[in-house]
Amino acid sequence: MNKRLLLLLISCFSVTIAVAQENLTYQKPSASILALADYERAPSVSMDSKKEYMLLSYRNTYKTLEDLNQDEIRLGGLRINPVTNIGSATNFISNLKIRKVNAKTETQISSLPQNPRITHINWSPNEKKIAFTNTTATGVELWVIDVASASAKKLTDANLNANIGTPYNWMKDNETLLVKMLVKNRPALIDVKKDLPKGPTVSASDGSKSQNRTYPDLLKNKTDETNFETLMTSELYKVSISGKADFFKAADLYAGESVSSDGNYILLTTIQKPFSYIVPYNRFPLRSVVYDAAGKEIKVVNEVPLNEVIPKGFSSVRKGKRNMSWRTDKPATLSYVVALDEGDQAKKADYRDELFSWNAPFTAEPTSLLKTQQRYAGLIWGNDNLAVVYDDWYDTRNQKTYLINPGNPAQAPKIISDRNSQDIYSDPGNFETKRNEYNRYVLAIENNNAYLIGDGFTKEGQFPFIDEFNLGTLKSKRLYTSTFKDKKEDLLSIEDFKKGEVLVQIQSKNDYPNYYFRNIKSKKLTQLTTFKNPFESIKNVYKEVIKYKRKDGVDLSGTLYLPEGYDRTKKTEKLPLLIWAYPEEFKDKSSAGQSNKNPNEFTYPSYGSFIYWATKGYAVLDDASFPIIGEGTTEPNDTFMTQLIDDAAAAIDAVDKLGYINRKKCAIGGHSYGAFMTANLLTHSDLFACGIARSGAYNRTLTPFGFQSEQRNYWDVPAIYNEMSPFMTADKMKTPMLLVHGDADNNPGTFTLQSERYFQALKNLGAPVRLVLLPKEAHSYVAKENILHLLWEQDQFLEKYLKN
């Protein structure tokens, strides 16, 4: 081989490697984007029920890559740090302050742990104490705050088991907490890499049909089973606020602990065997037992077998007792529901579920309170004579609301609402609740009236409201409607029914959401917090909710942003357009055409939208409507591609009609199902110059038992699965696309493999595509290094393929 040819081959090989991958270090976006992305997060606020004190919780704006670089074990659908025994994705609070609501300044809580990593914050029943956990390098501690003195105290060593949920419960006496602790001398976890298997892993089917989705992080073998059992096992202790710990219950796989309203009984739910390799831990066998406060067993109230088989359909459920919990209006009464159709929505039945009430000590038979026409969907206890019950049915999107008399089940229920759950313009609102003598929340009833707080979406805009609902006449009377047209007012809770005092949150495009007391009688406003806008640099960006129609007449909308200083009168400069969207399924055109967008919502740029690029000379249509509609017996996905392209074309046409854009310079972007949308639009239309698809699924044969709102499996409708899969038509995709994925995605169906295989197909077929894998990120991105680099990648991509 001559020297010249050898040099040429080496040169070609080097170019091939350079195209295949780049060894980049972390980059930061341009100054205008960085100024918005690198901000200080305002604290979150929690108030006691009397609105005397507020707790302010401070959290870092982002995690760091170091935060993500921790020990992690993935078992049973959980991701756990086996050293600290808490979920590896837990968000921690770094500081706590407290303030009297009527005061002007907050007080730093004293004696907090050094370098605190706080979570699981809960007020005591009388709201004079606040418990929280602190995670150290070796484990989880329990702490308590005295509200009056604003001081904190450690109650336990770093020995709590927080691997499933909150590891403690307040007892009724306000002096004691029921705490899950690690067992003493817990066996070491088995190293899967070093543990040699004693045989193959074998799974078998008994012939029963099910519709299980592609769950992540499942158990895979006997070693996983052993490690799962080790991590889930706890002992229960009663810990006083003085720090004294008394042993309560022996080691078990505790998955739920709740105390009766009167404090005399404790419901404990434990995970049983056999475990499963195809469903997560919450579908393992469960056993629920009620004990008295001293720990004596009273009654086994529920035993749930392994739940690997559920009939097809979103309104199908498992057999047996479900939704078991303590009634909040009674001292010690359990309620639960049982399916009357064996949980199978395909079976015809006059009634789908039956609601029961069961009084302690559970020697008498449970009392049937109601049979629901559709699938039980929740309730609000009021008193012995009144409760509100909901049912719904997914295929029709119907929701019914019942008033029942728990003390007289023979009294016929009253249906007070029968509506399309997706029809936001007819939403009557949510019933207000208040604390009762047990410090539990029940339906707020004043002079035989209940109260509804509604979001207030209408054709003309959003106008939240409060209605008084007469329980005798079943008629509503409007007490208050927010009339702001330059602000957004969220009605949070009614604090004084007689005086008309309401806790609200008010915001505008440039005003950060702050808390106020609103007197709905005098209209007086009293401001409680004064959080500042951290995004001053975009205060002059133009913002408008635009409404337009799809070619079949369906109403659509989106929030349009234009760069500061753009002349909307002359429109001489034609801007590139960025559209960010997420498809949503509907069963009727009317509901699909309703808008929940408010131009007065605070402009909060995040990596989850394109708003940053309004500072870079782009027009941005954020949260553009992309409804996919299937009326009657037709399913939305039957015409998915046609509707998707029509949604996109309508969005571009609408902004183009306003005269702002160069329609040849349009880009589309989305996350998760929005990424799936993006890949399909770039493949099947010529509307876009490029697109950004993040953490999506592109091959629907890898999600064969349903995805998003699709209930049918691959073998029911193989043509639809194949037609909707961008992977299947990768040879047609010729438009520049930026693929992004977290390399530790834990969302069912969007495993990182989806992007990796799609990229391989596109690359081998010659498509202009770039794949960026963000280290250690799950489905949502949290590390500052990764998010800033993501913004840089997107900025570089858009500058290259769209703007220039």
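The shown structure was predicted, so the numbers you read here are calculated from the model rather than taken from an experiment.

Rules and cut-offs
- Residues numbered from 1 in each chain as written.
- Predicted model: local features only at pLDDT ≥ 70, side-chain atom pairs only at ≥ 80, totals over all residues.
- Heavy atoms only, no water.
- Core = buried A, V, L, I, M, F, W, Y, C linked by side-chain atoms within 4.5 Å.
- Buried < 20%, exposed > 50% of the residue type's maximum accessible area, 1.4 Å probe, protein only.
- Helix = DSSP H or I, 4+ residues; strand = E, 2+ residues; numbered from the N terminus.
- Contact = heavy atoms within 4.5 Å.
- Polar contact = N/O pair within 3.5 Å; in protein donor to acceptor, adjacent residues only side chain to side chain.
- Pairing = 2+ DSSP bridges.
- pLDDT = per-residue confidence, 0-100.
- Axes fitted to C-alpha atoms, helices over the stretch in contact; angles between N-to-C directions.
- Parallel < 35°, antiparallel > 145°, perpendicular 65-115°, else oblique.
- Phe/Tyr/Trp six-rings, centres within 6.5 Å; stacked < 30°, edge-to-face > 60°.
- Lys NZ or Arg CZ within 6 Å of the ring centre and 35° of its normal.
- Salt bridge = Lys/Arg side-chain N within 4 Å of Asp/Glu carboxyl O.

1. Some words on the nonpolar core
In step 1: Membership of the largest hydrophobic core comes to 60 residues, with the highest contact counts inside it found for I579, L621, F626 and F688.
In step 2: Considering every element that reaches this core, the biggest residue donor is helix α6 (residues 640-657), with ten residues.
In step 3: Once you skip the residues sitting within four places of it in the chain, I579 turns out to touch F610, L621, A624, F626, A651, I652, A667, I668, G669 and F688.
In step 4: Counting residues in hydrophobic clusters, the runner-up holds 48 residues, among them V45, Y62, W580 and L774.

2. Side note on the environment of Q108
In step 1: Tracing the chain through its elements places Q108 in strand β7 (residues 107-108).
In step 2: Overall, Q108 belongs to the partly exposed group, its relative accessible area being 37%.
In step 3: Taking C-alpha positions, Q108 is 6.5 Å from I98, a pair spaced ten residues apart along the chain.
In step 4: Not counting residues up to four positions away in its chain, the partners in contact with Q108 are N95, L96, K97 and A150.
In step 5: Only 2.8 Å separates the side chain of Q108 from the side chain of N95, close enough to count as a polar contact.
In step 6: A distance of 3.2 Å separates a polar side-chain atom of Q108 from the backbone oxygen of L96.

3. Re the sheet that holds strand β1 (residues 44-47)
Hydrogen bonding along the main chain pairs the strands of a sheet, whether they run parallel or antiparallel.
In step 1: In space, the four strands of this open sheet follow the order β1-β2-β6-β7, with antiparallel pairing throughout. Unpaired on one side and paired on the other, β1 and β7 mark the two borders of the sheet.
In step 2: With two bridges connecting them, strand β6 (residues 95-100) and β7 associate as antiparallel partners. Bridging from a neighbouring strand, I98 pairs with T107 of β7.

4. Things to note about the pairing of strand β15 (residues 245-252)
In step 1: Across five bridges, the pairing between strand β14 (residues 234-240) and β15 is antiparallel. Paired with S234 across the strands is D252, a residue of β15.
In step 2: What sits between β14 and β15 in their antiparallel hairpin is a turn of four residues, with G243 showing a positive phi close to 105°.

5. Side note on the environment of I520
In step 1: Tracing the backbone shows I520 in the loop between β38 (514-519) and β39 (525-527).
In step 2: As for I520 and S482, which are separated by 38 residues in sequence, their C-alpha atoms are 9.3 Å apart.
In step 3: If we skip the residues at most four places from it in the chain, I520 touches I466, L479, Y480, G500 and V502.

6. Comments concerning the side chain of N436
In step 1: Mapped onto the fold, N436 is located in the loop between β29 (433-435) and β30 (441-443).
In step 2: In terms of polar contacts, N436 uses its side chain to reach the backbone amide nitrogen of Y438, at 2.9 Å.
In step 3: Setting aside chain neighbours within four positions, we find N436 in contact with T328, D329 and V442.

7. A few points about the confidence of the model for the protein chain
In step 1: With 98% of its residues at a pLDDT of 70 or more, the protein chain shows a mean pLDDT of 95.
In step 2: When the criterion is pLDDT under 50, residues 3-18 qualifies, and its contacts beyond four places in sequence or with other chains add up to two contacts.

8. Some points on the packing of α6 against helix α7 (residues 673-684)
In step 1: Where α6 meets α7, the closest approach of the two axes is 10 Å, and the angle between their N-to-C directions is 90°. Our classification of the angle between α6 and α7 gives roughly perpendicular. On α7, the residues touching F640, M641, L644, I645 and A648 of α6 are Y673, F676, M677, N680, L681 and H684.

9. Focus on unusual backbone geometry
Peptide bonds are mostly trans, and most non-glycine residues show a negative phi.
In step 1: With an omega dihedral of 5°, the bond running from K273 to P274 counts as a cis peptide bond.
In step 2: As for its placement among the helices and strands, P274 is situated in the loop between β17 (265-271) and β18 (286-292).
In step 3: In this model, A360 is joined to P361 through a cis peptide bond whose omega is 10°.
In step 4: Despite not being glycine, S111 shows a phi value in the positive range, around 65°.
In step 5: Even without being a glycine, N323 presents a positive backbone phi close to 55°.
In step 6: Of note, N323 is situated in strand β20 (residues 321-326).

10. Some words on the environment of V502
In step 1: Relative to the helices and strands, V502 resides in strand β37 (residues 501-507).
In step 2: Sequence-distant contacts of V502, that is, excluding residues within four places in its chain, are made with I466, S493, I494, E495, Y516, F517, R518 and I520.

11. Some words on the packing of aromatic side chains
In step 1: Here the structure, examined in full by the defined rule, presents 36 aromatic pairs.
In step 2: Aromatic side chains Y39 and Y604 sit 6.0 Å apart centroid to centroid with 80° between the ring planes, which places their arrangement in the edge-to-face category. One end of the pair, Y39, is in the loop between α2 (31-37) and β1; the other, Y604, is in the loop between α5 (589-592) and β44 (619-624), with 565 residues separating them in the sequence.
In step 3: For the ring pair Y512 and F531, a centre distance of 6.2 Å and an interplane angle of 85° mean the geometry is edge-to-face. A residue pair is termed long-range when its members are at least 10 positions apart, and Y512 in the loop between β37 and β38 and F531 in the loop between β39 and β40 (542-549) qualify at 19 residues. F531 shares its class with Y512; the two are buried.
In step 4: Taken together, the ring pairs connect Y582, F640, Y673, F676, F705, F707, Y714, W715 and Y721 into an aromatic cluster.
In step 5: Over the aromatic face of Y394 sits the side chain of R397, whose NZ or CZ is 4.0 Å from the ring centroid.
In step 6: The positively charged end of R700 is found above the aromatic ring belonging to F676, 4.5 Å away from the centroid.

12. Section: the sheet that holds β18
In step 1: Here we have four strands laid out as an open sheet, ordered β16-β17-β18-β19, and antiparallel in their pairing. Each end of this open sheet is capped by a strand with a single partner; those strands are β16 (254-259) and β19 (297-304). Put simply, the sheet's adjacent strands are angled 15° from each other on average, direction ignored.
In step 2: Judged from the six bridges that link them, β18 and β19 form a sheet pairing that is antiparallel.

13. Details of the pairing of β20
In step 1: Sheet analysis places β20 next to strand β21 (residues 333-339), joined by four bridges and oriented antiparallel. Across the sheet, residue K321 finds its bridge partner in β21, namely V338.
In step 2: Counting the residues that bridge the hairpin from β20 to β21 gives six residues.

14. What to know about the pattern of salt bridges
In step 1: Applying the stated criterion across every chain, the model contains 39 salt bridges.
In step 2: The shortest N-O distance in the salt bridge between D217 and R79 comes to 2.7 Å. Taken as a pair, D217 in the loop between β13 (176-182) and α4 (222-232) and R79 in strand β4 (residues 78-81) lie far apart in primary sequence, 138 residues in all. Each member of the pair, D217 as well as R79, carries the same accessibility label: buried.
In step 3: We note a salt bridge from D467 to R478, for which the minimum N-O separation is 2.3 Å. On the criterion of sequence distance, the pair formed by D467 in strand β34 (residues 465-470) and R478 in strand β35 (residues 476-481) is long-range, its members being eleven residues apart.
In step 4: With relative accessibility at 8%, the residue D467 sits in the buried group.
In step 5: By relative accessible area, R478 is classed as partly exposed at 46%.
In step 6: Residues joined by salt bridges that share partners form a network here, namely R322, D341, R352, D353 and R375.

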